[in-house]
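Remarks on the overall topology
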Amino acid sequence: MSMSDANIALSAEMAARDNMITCRGVKKWFGDFQALTGVDLTVKDREVMVVLGPSGSGKSTLIRCINRLEVHQEGQIVVDGIELTNDLRNIDKIRSEVGMVFQQFNLFPHLTVLDNITLAPVWVRKKSKVEAEATAHELLERVGIPEQAAKYPGQLSGGQQQRVAIARSLAMEPKVMLFDEPTSALDPEMISEVLDVMKDLANGGMTMIVVTHEMGFAREVADRVVFMEAGNVVEINEPEAFFTNPVSDRTKLFLSQIL
Amino acid sequence: MTASTAPVTHSSQARPPIWRNTTILKWGVQIIVLALVIAAFTFLVSQAKTNLDQKGIPVDYDWINDPANIQLGEGIDTQPNSMGRALWSGMVNTLRIAGVGILVATIIGVFVGLARLSHNWLAQKVASIYVETLRNIPVLVQILLWFAILTSLGDLTQDSGVLNDFVFLSQKGISIPRVFFADGFYQWLFLLLVFGVGIHFVRKRLQRKQDLEGGDKHIGLISFGLWVLAAAIAWPANPIMSWVGSIFDAIADVWGSIPETLMQLILTAIAVGAAVIWIRRFLESRRTPAGLAKLTDDDWFRMIFAGIAALIAALFIWILWPGLSSWIINSGRDFFEFLGNKFGGERGSLPLDAMKPTLSEGRFVNYGPTGLTMSVFFASLFFGLVFYTSSFIAEIVRGGVLAVPPGQSEAAAAVGLSRMQSLRKVVLPQAFRVIMPPLGNQYLNLTKNTSLAIAVGYSDVVQVGQSLYNKNNQTLAVFGIWMTFFLACSLTTSLVVNIINRRLEIVER
Amino acid sequence: MSEMSGPLVVPSAGAAEIAFGVEHEIAPEDPITPPGRWMRENLFSSWSNGIQTVLFAAILIGILKWLLNLVFAEESDWASVATNIRLLFAYNYPVEQFVRVWVSLGTLLAAAGLSIAAWNLDLSFTLRKLGINTATGGGVLVLVGILTPGTAPSDVRAGMFVLGAILLVIGLAVLFGVKDPHRKRIPFEALLISVAGLVVAFVWLFPLGRYEFAGDEASYASGTINISTKGPWTVMMIVLVASFLVGKALGRVLPSGALKGVMAAFWVIGPAFLIFVVLRDPAFDWGYVWAVDVPMALGFALLGGGVLYFLTKPGLGELGRIIGAVLFGVAVFNWVAAFFGLYPMLQKGRISFMLLAVFAILAPTFAGERAARLRFATGWAVLVVVMHWLITAINTPSTLEIVAPPFLGGFILSVSIAYYVMLASFPLGILLALARTSKLPIFRVMSTVYIEILRGVPLITILFFFSIMLNLFLPGGMSISELAAIFTGYSLFSAAYMAENIRGGLQAIRRGQYEASDALGLTTVQRTMFIVLPQALRVTIPNLVGQAIATFKETSLVSIVGGFELVRIANQTIPNQPDYIGQNRPALLFISLVFWAFSYSMSRASRSLEQHLGVGTGR
Ligand SMILES: Nc1ncnc2c1ncn2[C@@H]1O[C@H](COP(=O)(O)OP(=O)(O)OP(=O)(O)O)[C@@H](O)[C@H]1O
Ligand SMILES: [Mg+2]
């Protein structure tokens, strides 16, 4: 039911936009375990898509395939018109167009916050150091921690670290941002500061795929919500409809447990 | 970390050009580098061959059977009749000093390591001085110092030593009384084995009874008593097992009569069979209810590698060293004959015997039953290695104990164990897992360091090898033997350590 | 061989730290316990504790007595050491050229002073610690005096008693006379100055006597050490203190990190130059230098720089990669041709070309804006010039007049071999470690085989192999000196251990670091250079120091394969001198002390450095 549902769920205004990400029949095995069983999914330009699902359903695996941290074995993934194949050039291009924020931040502990942010722009985007640093300061301003530039990641709180991680990804001027449970490793009082940054991003028109358990965020910000189960998409819908009137039984069960 | 690339099926786009194809780049680079390394290696080897040919030195192992004409200071054969025998003597000497050294170094090391952990201030300090002094002085210097000290001791007379008639200490070496395996030992051991089977059954019966009826049946105590009884009975009764020797002789005959080609075929079958079984198991592990899972190119590589390994083994058996099979046949026969000779002790032969040192003409008697004698060469190497290595072992033991969370010994103290008991029953078993791998490494280091024997003239494999190639210029071949010998030691040690580690892990769970 | 592998087995850095253990010393903040209570708590708290005290006291006294008997044995002639100090440290180095040694030693000390200041190492300690150490030292000295056998010179024994008593009194006075000694720290400046002062006072005032070896005759005159020795040492101590103070001052003026960077660079390449200063006085053939060497160096620097500048242009894409590959192919072919005697050219040309090819392959990684490209090209040019200068200088005959053939020997040889071996095995070790942890199976297998084979055999067999056999493997016409062959073998051996150490560091890096760098689009080379290696090496530092110590100790094996190293001089050269026939025991004891002092202070220094830098905490 996935494809037809997905298309139904698209509002007319959305449908007019270009496809940013297209997954067709994506399959992925880990050894003998199949983590993705033929995922079909499209994400439009400037769309915010929230991915929900029980643990182990393949949410992380899916978004990690989109920037090739994992390699899918069958099917097709196209990002901004570039297909992910074993073509070196395509991989390089997609990596620098797709930003990713991890649950565990994964900041580089031996570099200062500023160096964390400028590293990729300087060496991958070939910007000058001065220009990169100016951008970095702007971004730190935007995520609300302009005064931390000279510190090392170990000296920051979890929420601050995650905001640095977001700034680091944004510094590459990505067209798409992927978030893998960005708030799961945070104390409750820090969650909102990270979510606020993400909301700003969404309002600014960034294309985003967000794996999260923050239902409030999903309701407020998402254009569409995807529900995954056992390596495949079970249901796609606009948030209101998804939460108030889920179609599949599995989704109903999941929502009843979580809400 | 990009995961390994698997064959990907793509519908829409054409394959990328080869210089951008990650799969091709990845394998291409590896194969080119491999080819370069092999080419460089081949070139160097061929160069060596040419150079050796020019000097008229053939590269082969035929000289193994040439007469040696050297005399070894000590060992199983001090007047070896062939070069191979001389090397064999050297290897035994190496293993001898390594084995005893490992044992003694471990005892001292554990003692010092525990002393460093003692609550007693003086014990701690003395132990740390021991460690910090010994491990910071090169082992070679220590060996030479011991040699200098020992050789400046007095001449050997009846009263040179600490305890007249029992302990001798002189520039000819050190000698103490020893207990040794006498004629009846192996017979005794065999008889014990037979008894052991019986004891095992008794034990099982008792265990079952205890499980059924409850209560303490003193299983441990009873079986210990039985063992003691068996040992006592077997002591005088050992000659009834003297017929066992003829079984080994028979095996030796059968083994020796295996034709060479058959042996080659068997070896090849083992190699190929192992590869086939491995590949099948591997594929099996990749098979799921839904059929064979996707194989990554890493998987393919492993399978190909297994196949190539089998091929190389076959090549080795048939072409590179056709003598391998006859070597296996001969040494196997010798081994079983050797075992056979250990039996056949007559009535009244004892399993164990003890002897005091005996002197004659200012030196220790070298042959026959006598005291345990260490020549100065052996002793200086031995002391140097043992003390040096023990300082590292002490640190490993200490580190291992400290690695056990303090909560463990606190808990032990809370249930009322004494410090000694908590160390023995709670802390050490856990520390053992941390200690084992680096300890194995130290054992290996000690074994390799025995090669410093050359500095004091103890006849180990390196010293013997050197005197051989000084005679016949077969340097390359001798190096090959050294390398094989030491690699075999390393592999054996790491195998043992791995097995112990795995067992410990299972116990842990 | 020995403890090189101590921590190696343990794969993760976390576990590796265990092997080193953390000293649990009593925190310096503790006030002093009265001696009576202290003894009750630490020596006689229980029956078993009391027994241990008695047992270990007996062991300690027994060993000490035995050792002292050994040192002061009648047949030991310590003049054999005193007369041969120069031989032990510098072997046949011409006396009139010693100023070079002093200059390079002085430079090292100056660098040490600057570095201590640059890293702001606060090695100060409390008065309590000072008091305890002084008093303990004094007590031990008195004990030693008591245990010293009657064969020792009487003034030595008397000196021990007097000095021991003085130290004991001073220590106790500090401990009990000063209020709250555990709160008062001695500033490091004062410490440094007083240590330097003590050294200077010692060499000027202590009547060690002048021992000399003229021809084959040993001679002795009473008095203090010769001016030709105590003069330089005085100057060097002053240099050490002055450079520390200068470093402190510079630290206030310069931006933070500037001095650190300079000093770090110095420690990597500086010693190479200094040893060079010690070793050579080359008589350059200036005509040849101007006609061949200079144009060649400039050519590589400029043309190569140009090529690299072009290759670092952003967006060059595959073109850059292809050019790099072609250059590499040509470089390899160049070597292949060399082996068959084709295209004769200077060896350094081939080496430079190979280096250029490697740089060209790496170039796309360092692509960027103009300034970055210029930096890259300049780096290349500097490297080429330095390398060519070194090669030229080494290849030119030295005019130093040496009495006997082996020119390098003694302590200098040990230190230089250890330094060069560590330096040479470092890059190789990194490559091997990367290969062994890589996902590329062929690389992994090759590296594993290399590492396991070299770690499986004793160093001495490797040294034999290289010193005897290396020339056999070289094509006709090529040959290599024995020392160079030994050095090559030792480096290859050491690289295997280095690789295992670094592998421990690599394994300590979490997966997320790789994923984050990949997600940012860094290439594999960039990821390795900017993210993986900096973190891995930081974790590895303690193990690398351990390996450096082991390497230093094992230079003693060089004596077996023919190098005139400390051990060989002590064990063979000195006992063969007519004045000191058979006297190897004093010399062996003496070099034990030298090795011990060096290794022990290195390990102590690394431990405090480790704590200071907070290795592994990621700061
Ligand atoms: N590297 C891997 N090797 C083997 N199996 C893996 C690997 N990564 C993920 N899996 C498996 O794939 C399945 C999907 O994992 P994934 O991490 O995508 O789940 P998820 O939906 O993100 O779960 P969670 O909400 O817990 O993060 C899980 O069963 C997991 O065990
Ligand atoms: Mg997940």
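Higher on the page you've got the structure.
Definitions and cut-offs
Residues numbered from 1 in each chain as written. Chains lettered and ligands numbered in written order. Predicted model: local features only at pLDDT ≥ 70, side-chain atom pairs only at ≥ 80, totals over all residues. Heavy atoms only, no water. Helix = DSSP H or I, 4+ residues; strand = E, 2+ residues; numbered from the N terminus. Rg over C-alpha atoms; globule rule 2.2 N^0.38 Å. Buried < 20%, exposed > 50% of the residue type's maximum accessible area, 1.4 Å probe, protein only. Contact = heavy atoms within 4.5 Å. Near = heavy atom within 4 Å. Polar contact = N/O pair within 3.5 Å; in protein donor to acceptor, adjacent residues only side chain to side chain. Areas by Shrake-Rupley, 256 points an atom, 1.4 Å probe, with all protein chains shown as cover. Core = buried A, V, L, I, M, F, W, Y, C linked by side-chain atoms within 4.5 Å. Buried area = accessible area lost by both parts, 1.4 Å probe. Salt bridge = Lys/Arg side-chain N within 4 Å of Asp/Glu carboxyl O. Pairing = 2+ DSSP bridges. Patch = residues over 30% accessible without salt bridge, like charges linked within 9 Å, V, L, I, M, F, W, Y side chains within 5 Å. Axes fitted to C-alpha atoms, helices over the stretch in contact; angles between N-to-C directions. Phe/Tyr/Trp six-rings, centres within 6.5 Å; stacked < 30°, edge-to-face > 60°. Lys NZ or Arg CZ within 6 Å of the ring centre and 35° of its normal. Lys, Arg positive; Asp, Glu negative; His and termini not counted. Charge placed at Lys NZ, Arg CZ, Asp CG, Glu CD. Expected span 1.5 Å × (residues − 1).

**Structural notes on the overall build of chain A**
Within chain A, the secondary structure is distributed over 11 helices and 10 strands. Over its C-alpha atoms chain A spans a radius of gyration of 18 Å, differing by no more than 12% from the 18 Å that the globule rule assigns to 259 residues. By principal-axis analysis of the C-alpha atoms, chain A measures approximately 50 × 45 × 40 Å. Evaluated residue by residue, chain A yields a buried proportion of 64% over its 259 residues. Counted over contacts in chain A with a minimum sequence separation of 6, partners at least 24 positions apart contribute 66%.

**Considering the site of ligand 1**
Residue and element names in this part refer to chain A. The environment of ligand 1 is made up of Phe 30, Phe 33, Ala 35, Pro 54, Ser 55, Gly 56, Ser 57, Gly 58, Lys 59, Ser 60, Thr 61 and Glu 181. In this structure, an oxygen atom belonging to ligand 1 sits 2.8 Å away from a main-chain N or O atom of Gly 56. A distance of 2.8 Å separates an oxygen atom of ligand 1 from a polar atom in the side chain of Lys 59. Coverage of ligand 1 by the protein chains reaches 62% of its 630 Å² of free accessible surface. Counting residues per element, the shell around ligand 1 draws most heavily on helix α3 (residues 59-66), which supplies three residues.

**Some thoughts on the nonpolar core**
Grouped together as the largest cluster of nonpolar side chains are 158 residues, with contacts concentrated most on Trp 63, Val 461 and Trp 482 of chain B together with Leu 88, Phe 464, Leu 588 and Ile 591 of chain C. Core analysis: the second largest hydrophobic core is formed by 62 residues, Leu 36 and Leu 119 of chain A together with Ala 363 and Leu 522 of chain C among them.

**What about the interface of chain B and chain C?**
Between chain B and chain C, the residue contacts involve 80 residues of the former and 81 residues of the latter. Summing both partners gives a buried area of about 6,900 Å² for chain B against chain C, and 72% of it is carried by carbon and sulfur. Here chain B is connected to chain C by one salt bridge. Notably, a salt bridge pairs Arg 607 of chain C with Glu 132 of chain B, separated by 3.7 Å at the nearest N-O pair.

**Overview of the side chain of His 110 of chain A**
Mapped onto the secondary structure, His 110 of chain A falls in the loop between β6 (98-101) and α5 (113-123). The class for His 110 of chain A is buried, based on a relative accessible area of 14%. Within the structure, the side chain of His 110 of chain A is placed 3.3 Å from the side chain of Gln 535 of chain C, a separation counted as a polar contact. Among residues more than four places away in sequence, those in contact with His 110 of chain A are Tyr 152 of chain A together with Phe 530, Ile 531, Pro 534 and Gln 535 of chain C.

**Points about the pairing of β6 of chain A**
Residue and element names in this part refer to chain A. Neither face of β6 is open: one carries Val 98 and Met 100, the other Gly 99 and Val 101, and all of them are buried. Here β6 runs beside strand β7 (residues 176-180); their pairing, made up of four bridges, is parallel. Bridge pairing links Gly 99 to Met 177 in β7.

**Here's the deal with a nonpolar patch on the surface**
Residues and elements named next belong to chain B. On the surface, a nonpolar cluster with roughly 850 Å² of combined accessible area is contributed by Leu 265, Leu 315, Phe 316, Trp 318, Ile 319, Leu 320, Trp 321 and Trp 327. Summarising the element assignment, Phe 316 is placed in helix α9 (residues 297-320). On the accessibility criterion, Phe 316 (35% relative accessible area) is partly exposed.

**Some thoughts on the sheet that holds strand β1 (residues 168-170) of chain B**
All names here are of chain B. Spatially, the three strands line up as an open sheet ordered β1-β2-β9, and their pairing is antiparallel. Here the strands that pair on one side only, and so sit at the sheet edges, are β1 and β9 (372-374). Sheet twist, expressed as the average angle between the axes of neighbouring strands with direction ignored, equals 5°. As paired elements, β1 and strand β2 (residues 173-176) share three bridges and run antiparallel to each other. When the bridges of β2 are listed, Phe 168 appears paired with Ser 175. Along the sheet, helix α11 (residues 376-403) contacts β1, β2 and β9; its crossing angle with β9, the most-contacted strand, is approximately 80°.

**Description of the packing of aromatic side chains**
Taken as a whole and assessed by the stated rule, the structure comprises 55 aromatic pairs over all chains. Pairwise contacts between aromatic rings join Phe 181, Phe 185, Tyr 186, Trp 188, Phe 190, Trp 235, Phe 248, Trp 255, Phe 335, Phe 336 and Phe 343 of chain B into one cluster. The cationic tip of Lys 28 of chain A hangs over the ring face of Phe 30 of chain A; the distance from NZ or CZ to the ring centre is 4.9 Å.

**Considerations on a positive patch on the surface**
Together, Lys 204, Arg 205, Arg 208 and Lys 209 of chain B line one region of the surface with positive charge. Along the chain, Arg 208 of chain B turns up in helix α5 (residues 185-213).

**Some words on helix α13 (residues 318-339) of chain C**
In an α-helix, one turn spans 3.6 residues, which is why side chains three or four residues apart end up on the same side. Residue and element names in this part refer to chain C. Spanning 22 residues, α13 covers 32 Å between terminal C-alpha atoms, matching the ideal 32 Å at 1.5 Å per step. Those residues of α13 lying buried are Glu 318, Gly 320, Gly 324, Leu 327, Ala 331, Val 332, Asn 334, Ala 337 and Ala 338. The first or second residue beyond α13 is Gly 341, which carries a positive phi of 75°.

**So, the sheet that holds strand β2 (residues 33-44) of chain A**
All names here are of chain A. Strand order in the open sheet made by the four strands is β2-β1-β4-β5, with antiparallel pairing throughout. The sheet is open, and its two borders are formed by β2 and β5 (82-83), each paired with just one other strand. Its contacts with the sheet put α3 on β1 (19-30), β2 and β4 (74-79), and the angle it makes with β2 is roughly 60°.

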